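Overview (structure and organization)
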Amino acid sequence: MKKTSIVIIALLIVVAIGVFFFQGENATDSEKVMESAETTESTVLGNGKNTLYLSVVVGDKVIDFTIKTDTNNVGEALKEVKLIEGEEGPYGIYIKKVNGIEADYDKDQSYWSFEKDGEAMQTGVDSTEFKDGEHFQLVYTK
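Since the structure is predicted, the reported quantities are computational estimates derived from the model, not experimental observations. Sequence order as written defines the numbering, with residues in each chain counted from 1. For this predicted model, a pLDDT threshold of at least 70 governs which residues receive local features, and a threshold of 80 or more governs which side-chain atom pairs are given and counted, while totals over whole chains, interfaces and linings are taken from all residues. Excluding hydrogens and water, the side-chain values take into account all heavy atoms of the structure.

1. Here we look at the nonpolar core
Take the buried Ala, Val, Leu, Ile, Met, Phe, Trp, Tyr and Cys residues and link them wherever side-chain atoms come within 4.5 Å; each set so joined is a nonpolar core. Summary of the burial criterion: residues with accessible area below 20% of their type's maximum are buried, those above 50% are exposed, and those between are partly exposed, where the area comes from a 1.4 Å probe applied to protein chains only. Ile 67, Leu 78, Trp 112 and Leu 138 are the most contacted members of the largest nonpolar core, which totals 28 residues. Secondary structure is summarised from DSSP: a helix means a run of H or I of at least four residues, a strand means a run of E of at least two, and numbering begins at the N terminus for each. At the level of elements, helix H1 (2-34), strand S2 (50-58), strand S3 (61-69), helix H2 (74-80), strand S5 (92-98), strand S7 (111-116) and strand S9 (135-141) are the ones that each hand at least two residues to this core. No other element matches the four residues that S2 contributes to this core. Contacts are assigned to residue pairs that have any heavy atoms within 4.5 Å of one another. When near neighbours in sequence (up to four residues on either side) are disregarded, Leu 138 contacts Leu 54, Ser 55, Val 56, Val 57, Leu 78, Ile 84, Ile 95, Val 98, Trp 112, Ser 113 and Phe 114.

Right, dumping it as structure tokens:
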């Protein structure tokens, strides 16, 4: 009975240590990625009658942006306030930077996932219209 208890306790300690190091590694990766962020605080950008809410998500870090614009196109609004940069292609912009944070698939298999309510969008930012007050996310994915 004692031997079984010792083995179980030893296994629990090993698992706890593994979880601790795994979480620590992810936190460190997120912090490294976030170092290039132009802002880490919630911010209002632009002027206009329409409001678009955008969360930039990197691991467990979230930066919320309120974007005021006269357009109702997500891509136009994000370009207007210089929140995104990328390469123009046949399907619109391929986002490489958000808020100064780079995701480069060719370098490290990272990219920006465009989402709404936690679900990947089936359209790009350039072909997505929004209603006043809608909320979207750009999620750093690796």
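2. Some details on the pairing of S5
Among the seven residues in S5, five count as buried, and that is most of the element. We treat two strands as partners when DSSP finds at least two bridges between them. Here strand S4 (residues 84-89) runs beside S5; their pairing, made up of six bridges, is antiparallel. Looking at S5, one finds that Glu 85 is bridged to Lys 97. Linking S4 back to S5 in an antiparallel pair, the connection comprises two residues. Sheet topology places S5 next to strand S6 (residues 101-102); two bridges connect them, and they run antiparallel. Each bridged residue has a counterpart across the sheet, and for Lys 97 the counterpart in S6 is Glu 102. In this structure, the hairpin formed by S5 and S6 is closed by a connection of two residues, where Asn 99 is found at a positive phi of approximately 55 degrees.

3. Side note on the confidence of the model for the protein
Known as pLDDT, the predictor's per-residue confidence is scaled from 0 to 100. Counting all residues, the mean pLDDT for the protein is 88, and 81% of those residues have values of 70 or more. Long-range and interchain partners of residues 18-27, a stretch whose pLDDT sits below 50, account for zero contacts in this model, where long-range means more than four residues apart.

4. Some points on the pairing of S7
As paired elements, S7 and S9 share five bridges and run antiparallel to each other. From the neighbouring strand, Phe 114 faces S9, where its bridge partner is Leu 138. In the sheet, S7 pairs with strand S8 (residues 119-120) via two bridges, with the strands oriented antiparallel. When the bridges of S8 are listed, Glu 115 appears paired with Ala 120. Between S7 and S8, which follow one another and run antiparallel, lie two residues, and Asp 117 among them has a positive phi close to 55 degrees.

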